[in-house]
Amino acid sequence: MFSGSRRLIFSPRRFDPIRSPCTLSVGIQRLALPMLSRRFQLLCATTLAGLLLSSASVASAVSLAGDQALREGLKLWRKPGAINDHAACANCHSPDGIEIAAYGFSDETIRRRAAPHLSMSDSNGVVHFIHSVRAKYGIKRLLDPMEDRVFQPGGRVLPGKAPLDRDGALAQGLAPLVPTLSKGRIGSLADALRAKNELLKIDLWSLRIGLEFNRLSEDGFHGKEHASIANWFADTPRVPREASSAAWYGLHDRYLADPTDANFWALYNRVVDLTKGNLFIPGELLSFEKYRALLLGQHLMRRALLGKPPRRGPVALAGTVSQRLIPNPMWSVGDFARQYEDADFGVLQFPKEVLAKKSLGPPAAEQLKTMRAPWLWLGWMMDQGLQRINNERATKRGEYVMNALWNDGPYPVHNIFMASRAELVHCFVPEAWGSGFQRHFVLGYGAFRRSGFYVSMEPKSPEHRRLYRTIVANAFRMSTYLLLEDVRRLGAIWGAEVQVSQLKEMAAYIARFDPEDKAQANELLATTLLAIRGAKQIPDER
């Protein structure tokens, strides 16, 4: 793992609660860059902003086969090491270390981290290899290993020491983006449609949030607080099976020569059968998911460096695979942290050499907590309707991620924003629809309301609480109007019993916290219930 000195970095200027202009820091000079190219905005949105590309560097990228330094370096990158089941660099990192090349790890840091595995001469060779990868892709500005967290939305976490402080910053920042939801009352279908369009227009990759994503690397060399599994690198390696080494690295070679989606999936889909690992051991399962997440992350990073269209739509990888369920290792990492939330290192069963490092840091449960909500949120960014991740109902309904937002925060505004956005993406974005049923509207607030946290954990400060209650009430109104319009249009209702229960509780919330609107809320409820009673009843597929 790596974590080291800062070089040329890219960082936002003082905060706008959601989006800030960017400044390039070179030494002590700071240059404001309020106007950014489309590609540069993409990189900023995914915290790859430090990778300033010249047009010539993209055009002149050379193949590995044509560059002697890269060929020789790649041999060292794959050379079996002295420890960890003779793991090579390539068994915990990307096929060519592009993620390390993107960050400003010092030569000394790279050499120090390679030294336990390789000879000093070979360790120096790895340093030269990383420089060659930077040259190949024209990486001129390097990300800060400490400050630039991988795929942190908007580049930086929102300001505030406590979760509720950062949640309040999101509430303030959302107000101009979703004005129909953030002020007044939604009182018609036209209002509801306007709110829907405002919510769907938001780019989650550039929306600054209060969750702090994990760093690419954590390294106990910099202090005990950095002796942590909460990072992107596998803690146990994925070493190729003895009979599979040629096939495994052949897939690496094909991908590096032509990093298409097809060649990426060909590599990704063979991790299980071509590399070693016991997925019944919790620590190895986590390493497996982190390794796959890193593979996917470096592919998205590589696409950006090559100037290819970004993968950051409501279903980021839609169209790259043919199956209904799309691999989402980011979600899997967060879900592991959820399932093992109270585990200690004994339960995780890491090898002794891993325990010797990671047990020096915070307790395992604390390390897992710092992974849970951020990785689940990132997994949601990859599939914003939550329907194509897996077949678990709790996943599709948002229970896991919303519970994490309550329990690890609380983040009440984050939660209602997520519930509303996920509902709309699920129902209105064609590629997000993961069911064989006819597309229809489904209320998405069951997980948000579960256990009553949406009332008991609401914000305490007056302005934050006012904004939260306004957003919640208007989200409930919006969804009720959208459901009513859908029932009238289709003449059918899916999962009527569950939807009616939600409708009644949503109307009760409005009556309680916006009593001046009680009569209209009850009238809208009665109208919707009447339409449901006259519609065809179809079981809930979720």
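Residues numbered from 1 in each chain as written. Predicted model: local features only at pLDDT ≥ 70, side-chain atom pairs only at ≥ 80, totals over all residues. Heavy atoms only, no water.

Trainee: Kindly report on the overall build of the protein, identifying the contributing residues and their values.
Mentor: If you tally the helices and strands in the protein, you get 25 helices and five strands. Taken across its 542 residues, the protein has 60% of its residues classed as buried. Across the protein, contacts joining residues at least 24 apart in sequence account for 77% of those joining residues at least 6 apart. Accessible surface, the protein as shown: approximately 21300 Å² in total, 54% of it carbon and sulfur. (Helix = DSSP H or I, 4+ residues; strand = E, 2+ residues; numbered from the N terminus. Buried < 20%, exposed > 50% of the residue type's maximum accessible area, 1.4 Å probe, protein only. Contact = heavy atoms within 4.5 Å. Areas by Shrake-Rupley, 256 points an atom, 1.4 Å probe, with all protein chains shown as cover.)

Trainee: Outline helix H19 (residues 399–407), listing residues and values.
Mentor: What sets the pattern is the α-helix's 3.6 residues per turn: residues three or four places apart point alike. In terms of residue burial, H19 counts as a mostly covered element, since seven of its nine residues are buried. Along H19, the residues classified as buried are Glu 399, Tyr 400, Val 401, Met 402, Ala 404, Leu 405 and Trp 406.

Trainee: Please give an account of the confidence of the model for the protein that cites residues and values.
Mentor: Here the protein averages 89 in pLDDT, while 87% of its residues score no lower than 70. When the criterion is pLDDT under 50, residues 5–62 qualifies, and its contacts beyond four places in sequence or with other chains add up to 153 contacts. (pLDDT = per-residue confidence, 0-100.)

Trainee: Report on the packing of aromatic side chains, specifying residues and quantitative values.
Mentor: Counted according to the given criterion, the structure contains 23 aromatic pairs. Here Trp 406 and Phe 448 contribute two aromatic rings whose centre-to-centre distance is 5.8 Å and whose plane-to-plane angle is 35 degrees, an arrangement assigned as tilted. Here the residue Trp 406 occupies a position in helix H19, and Phe 448 occupies one in helix H21 (residues 446–449), the gap between them amounting to 42 residues. Given the relative accessible area of 1%, Trp 406 is considered buried. Its relative accessible area of 0% is what places Phe 448 among the buried residues. Both rings, one in Phe 448 and one in Tyr 454, keep their centres 5.5 Å apart while their planes meet at 55 degrees; by these two values the pair is tilted. Through a chain of ring-to-ring contacts, three or more aromatic side chains come together here, namely Trp 406, Tyr 445, Phe 448, Phe 453, Tyr 454, Phe 476, Tyr 509 and Phe 513. The ring of Tyr 137 carries the charged tip of Lys 136 above its face, separated from the ring centre by 5.0 Å. (Phe/Tyr/Trp six-rings, centres within 6.5 Å; stacked < 30°, edge-to-face > 60°. Lys NZ or Arg CZ within 6 Å of the ring centre and 35° of its normal.)

Trainee: How would you explain the nonpolar core if you had to name every residue and give the values?
Mentor: Counting 154 residues, the largest nonpolar core has Trp 232, Trp 377, Phe 448 and Met 478 as the members making the most contacts within it. Looking at which element gives the most residues to this core, the answer is helix H23 (residues 462–490), with 13 residues. Sequence-distant contacts of Trp 232, that is, excluding residues within four places in its chain, are made with Val 150, Phe 151, Asn 214, Arg 215, Leu 216, Lys 290, Ala 293, Leu 294, Gly 297, Met 330, Trp 375 and Leu 378. (Core = buried A, V, L, I, M, F, W, Y, C linked by side-chain atoms within 4.5 Å.)

Trainee: An account of unusual backbone geometry is requested, with residue identities and associated values reported.
Mentor: Across the junction of Gly 409 and Pro 410, the peptide omega takes the value 10 degrees, indicating a cis bond. For Asp 85, which is not a glycine, the phi torsion comes out positive at approximately 60 degrees. Relative to the helices and strands, Asp 85 is located in the loop between helix H3 (68–77) and helix H4 (98–101). Unlike most non-glycine residues, Phe 151 shows phi in positive territory, near 60 degrees. Relative to the assigned elements, Phe 151 resides in the loop between helix H6 (120–137) and helix H7 (163–174). Take Phe 151: its relative accessible area is 2%, and that puts it in the buried class.

Trainee: Describe the packing of helix H10 (residues 245–257) against helix H11 (residues 261–268), with residues and values.
Mentor: Interhelical geometry of H10 versus H11 gives an angle of 160 degrees and a closest axis separation of 9 Å. What the angle tells us is that H10 and H11 run roughly antiparallel. Read as a crossing pair, H10 and H11 show a hand that is left-handed. Only Asn 263, Phe 264, Ala 266 and Leu 267 of H11 make contact with H10, whose side of the interface consists of Trp 248, Leu 251, His 252, Arg 254 and Tyr 255. Each residue belonging to the contact of H10 with H11 can be placed in one class, and the counts come to six nonpolar, two polar and one charged. (Axes fitted to C-alpha atoms, helices over the stretch in contact; angles between N-to-C directions. Parallel < 35°, antiparallel > 145°, perpendicular 65-115°, else oblique. Left-handed = near helix turned anticlockwise from the far one by under 90°. Nonpolar A, V, L, I, M, F, W, Y, C, P; charged D, E, K, R; others polar.)

Trainee: Tell me about the pattern of salt bridges, and name the residues and values.
Mentor: Applying the stated criterion across every chain, the model contains 28 salt bridges. Measuring nitrogen to oxygen at the nearest pair gives 2.7 Å for the salt bridge that ties Arg 156 to Asp 148. When its relative accessible area of 15% is taken as the criterion, Arg 156 is described as buried. When its relative accessible area of 2% is taken as the criterion, Asp 148 is described as buried. Salt bridges linked by common partners bring Arg 185, Arg 477, Asp 514, Glu 516 and Asp 517 together as one network. (Salt bridge = Lys/Arg side-chain N within 4 Å of Asp/Glu carboxyl O.)

Trainee: Mind laying out the environment of Leu 193, listing which residues take part and the relevant values?
Mentor: Inspection of the secondary structure puts Leu 193 in helix H9 (residues 189–201). According to the relative accessible area criterion, Leu 193 is partly exposed, its value standing at 33%. Sequence separation of Leu 193 and Ser 479 is 286 residues, and the distance between their C-alpha atoms is 9.5 Å.

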